[in-house]
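# Coordinates in review
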Amino acid sequence: MNQIQKTKKSQKDMANAIRILSLDCVERAKSGHLGLPLGAADIATVLFTKFLKFDPKNPNWFDRDRFVLSAGHGSMLLYSALYLLGYKGSTIEGLKDFRQLGAKTAGHPEFGHLEGVETTTGPLGQGIANAVGMALSEEKLRAEFGQELVDHYTYCLIGDGCLMEGISHEACSLAGHLKLNKLIVLWDDNDITIDGHISLVDSTDQRERFKTYGWNVISIDGHNEVEIAQALTSAKQSEKPTLIACKTIAGFGAPTKAGKPKAHGGPYGQEEAAGIRENLGWENEPFDLPQDIVDAWRLAGLRSTKLRVSWEKQFEKLNGEKGAQFKRRLRGDISSDLENAILELKKQYIKDMPNVATRKSSQMALEIINPILSETMGGSADLAGSNLTKTTDMSDFSADERSGRFINYGVREHAMAAMMNGIALHGGLLPYSGGFFIFSDYARPAIRLAALMEIRTIHVMTHDSIGVGEDGPTHQPVEHLASFRAMPNIKVYRPSDASETAECWQLALNDKTAPAILALSRQGTKAIRAEFSEKNLCAKGAYSVIGNNDADIVIFASGTEVAIALDAYEKLLEQNISARVVSVPCFELFYAQDEDYQRCIKGSARFRIGIEAGVRQGWDRLLGDNGIFIGMDSFGASAPASDLYQHFNISAAAIVDVVKQKLSD
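To start, this report covers the structure provided alongside it. Not measured: the values here are computed from a predicted model. (Residues numbered from 1 in each chain as written. Predicted model: local features only at pLDDT ≥ 70, side-chain atom pairs only at ≥ 80, totals over all residues. Heavy atoms only, no water.)

## As for the overall build of the chain
Threshold: Helix numbering and strand numbering both begin at the N terminus, where a helix is a DSSP run of H or I of at least 4 residues and a strand a DSSP run of E of at least 2. Radius of gyration here is computed from C-alpha atoms only, and the compact-globule reference equals 2.2 Å multiplied by the residue count raised to the power 0.38. Throughout, exposure labels follow a simple rule: accessible area from a 1.4 Å probe, protein chains only, divided by the maximum for the residue type, with under 20% read as buried, over 50% as exposed, and the rest as partly exposed. A contact between two residues is defined here by any heavy atoms of the two lying within 4.5 Å. Per-residue and other accessible areas were derived by the Shrake-Rupley procedure at a 1.4 Å probe size, with only the shown protein chains allowed to occlude residues. The charge count treats Lys and Arg as positive and Asp and Glu as negative. His and the chain ends do not count. Charge positions are represented by NZ for Lys, CZ for Arg, CG for Asp and CD for Glu.
For the chain, the count of helices and strands is 26 helices and 16 strands. The C-alpha radius of gyration computed for the chain amounts to 28 Å, which stays within 12% of the reference 26 Å derived for 665 residues, consistent with globular compactness. Dimensions of the chain, computed from C-alpha atoms along their principal axes, come out at roughly 100 × 55 × 45 Å. Evaluated residue by residue, the chain yields a buried proportion of 62% over its 665 residues. Across the chain, contacts joining residues at least 24 apart in sequence account for 77% of those joining residues at least 6 apart. Summed over its atoms, the accessible surface of the chain is roughly 25800 Å², and 48% of this surface lies on carbon and sulfur atoms. In the chain, which carries 72 positive and 84 negative side-chain charges, the distance between the mean positions of the two groups comes to 4 Å.

## Some thoughts on the sheet that holds strand E9 (residues 458-462)
Short version of the rule: Two strands are said to pair when DSSP picks up at least two bridges between them. Note on definitions: angles span 0 to 180 degrees between N-to-C directions of axes, and those axes are lines fitted to C-alpha atoms, for helices only across the stretch in contact.
Taken in spatial order, the six strands line up as E7-E6-E8-E9-E11-E10 in an open sheet, and their pairing is parallel. With partners counted over all chains shown, the strands left at the sheet margins are strand E7 (406-408) and strand E10 (491-493), one partner each. If you compare each strand with its neighbour and ignore which way they point, the axes differ by 20° on average. As paired strands, E9 and strand E11 (residues 516-519) are joined by four bridges and run parallel to one another. Pairing of Ile458 across the sheet is with Ala516, part of E11.

## Focus: the packing of helix H3 (residues 75-85) against helix H11 (residues 291-301)
Going by this rule: Angular relationships are summarised with four words: roughly parallel below 35 degrees, roughly antiparallel beyond 145, roughly perpendicular across 65 to 115, and oblique for the angles in between. In this count, Pro and Cys sit with the nonpolar residues alongside Ala, Val, Leu, Ile, Met, Phe, Trp and Tyr, while Asp, Glu, Lys and Arg are called charged and the others, Gly among them, polar.
Their axes nearest at 7 Å, the elements H3 and H11 cross at an angle of 85°. In terms of orientation, H3 and H11 fall into the roughly perpendicular class. Listed contacts from H11 to Tyr83, Leu84 and Leu85 of H3 are Val294, Trp297, Arg298, Ala300 and Gly301. Of the residues in the contact of H3 with H11, the class split is six nonpolar, one polar and one charged.

## Looking at the packing of helix H7 (residues 166-177) against helix H17 (residues 413-426)
Filter applied, for reference: Here a crossing is called left-handed whenever its near helix is offset anticlockwise from the far helix by less than a right angle, and right-handed whenever the offset is clockwise.
Across the interface, H7 lies against H17 with an axial gap of 8 Å and an inter-helix angle of 70°. Viewed along their axes, H7 and H17 adopt a mutual orientation that is roughly perpendicular. Crossing hand, H7 versus H17: right-handed. Counted together, Ile167, Glu170, Ala171 and Leu174 of H7 and Glu413, His414, Ala415, Ala418 and Met419 of H17 form the full contact between these two elements. Residue composition of the contact of H7 with H17, by class: six nonpolar, one polar and two charged.

## Some points on the pattern of salt bridges
Test applied: Salt bridge, as used here, is a side-chain nitrogen of Lys or Arg placed within 4 Å of a carboxyl oxygen of Asp or Glu.
Per the stated rule, a full pass over the model turns up 35 salt bridges. Two residues, Glu139 and Arg142, come together in a salt bridge whose shortest N-O distance is 2.9 Å. With a gap of three residues between them, Glu139 and Arg142 both fall in helix H5 (residues 126-145), about one helical turn apart. A relative accessible area of 5% means that Glu139 is categorised as buried. Salt bridges sharing common partners tie together Glu138, Glu139, Arg142, Asp151, Lys182 and Arg402.

## Quick notes on the sheet that holds strand E13 (residues 553-557)
One open sheet accounts for five strands, arranged E12-E14-E13-E15-E16; its pairing is mixed. Strands with a single pairing partner mark the edges of an open sheet, and in this sheet they are strand E12 (543-546) and strand E16 (628-630). The mean angle between the axes of side-by-side strands here comes to 30°, regardless of whether they run parallel or antiparallel. Pairing between E12 and strand E14 (residues 579-583): three bridges, direction antiparallel. Pairing of Ile546 across the sheet is with Val581, part of E14. Packed on one face of the sheet, helix H21 (residues 561-574) meets E12, E13, E14 and strand E15 (607-611) and runs near 160° to E13.

## So, unusual backbone geometry
Residue Pro267 is bonded to the preceding Gly266 through a cis peptide linkage, with omega at 5°. Tracing the sequence through the fold places Pro267 in the loop between strand E5 (242-247) and helix H10 (270-280). At Lys179, a residue that is not glycine, the phi angle is positive and equals roughly 55°. Of note, Lys179 is situated in the loop between H7 and strand E3 (183-189). In this structure, His463 takes a positive phi of about 60° despite not being glycine. Note that His463 resides in the loop between E9 and helix H19 (480-485).

This is the structure:
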């Protein structure tokens, strides 16, 4: 009995170390969120010291368990645990710099800042969807490479805000459908939001909700270490994903704030902080931790060292094609065979001159790419027949077939993009997906986080303009190209034909540090590239298609509008007006070139014209003060695509008219 009491006291003291470190950091920064770290410290302590498989000596060990703090505002819970467990990059000085400029301990956890932070969270609900993607990746890779190399769990700590966000429904319903039983979600069920108690805004029975998704649901006291451990043990034996509803007190230990909405944020102030120390029996000064408690945490951090060393020995012995594939894929490298395959494909296009929609060109490229890159994991938001992202060698990933390489996301664009982030972060797979460009609005928050994290996800966005036609303005993107081009660290590719589409795919696949959007057409377009080039011409973002450098005007265009620009070129030539046509498949790559190249492409023409079936924003940097833009300044309309282009005056005739008018001024 005395030994049990001693163990319980030790475990509680370890949890209190998280609480006090979190308190000290938030009070020092005079900013942060204390409710979750104080309330969920017992959950985190049991999880990290008794269940989670990891090793601070090698934080990137591939077969580690993943832990995602979806309720990212409680970042001090994670930062405190990482320090206590002995992660090299986590220091007391770093904790003292919480929320300060240049600190690794940012207000919300950011991937790449600290080892042990698996993903960037903060926008609620993103983390749980990332976790679903990670759990899916583990299933897929275990089926492919075997349990000896891939056998780990994904744990996720969520709050009520995560559950209210619609993305949680999208991701968790799919997780249940796919029976991702190695996903274990811990719900910090503290009954508060910023504005009041949960009853103010929600009456959902979350436990029943998850049962209808096909989840295993367990309810416990989130401050009882025995119940926490029993629930985690039971969850690991389930054939379904598990939600553990942990009833907690937000701001645990706070004399006046505990369990109240005002417990959510901080700082609490000196008097409340002193009261917490007294209630927890903590006598040490701020940032001064008892050595025996630190030692207990550090010892817990070494629990999995033998497992990690054994795995690494097995990994080093891997040989043959399968071993080489596994190692290459964990590095994130692209097979060297891809370059030659793309070259051969481009040669074929020069022979065939295919006049097809660029979404079809994308499918043609993928038919070459996917057999070479076994790591590609495709998918679509219930639009595979329109996006053409599923190739002939792909089977579906499902609850019954884990080896499949195609994910049927259903009508879940937001979860799709966030799950892709989780897949990319997990490693070993390269995710791409398909959707209509207009519905990128549903996916934008997750795509933004991919850009922030500098990870490789590829979004095939078809039906990219008024060329959608009869479906009308609800389905016709006009501002979307401009809005994504305004986002930092993302590549927006809008290829004009099959050759450019293949090149854009190659660029996106080789870019490890940024997400990509391939904006592709519904309608057919003629082949632009008439001569083979070994070079990837799209790699510089813009290049001259036809015309001399001393031409009177330069016409810049992207996507299907390049064909319109070429028609205008011929019409102008008939009237003895010299022009040059420049294809601009990627603004971001063009502006990454040196000034000499940019100056050469812009040329010294009397004026420049831009044509794109979207809004003008973003074009003036290319066109200059004297430039003319032909495109959209309103929403579209419902009509056949060809009629819409004429109606909105996006045509070769419009270019000719504006050129003649400008030259006569």
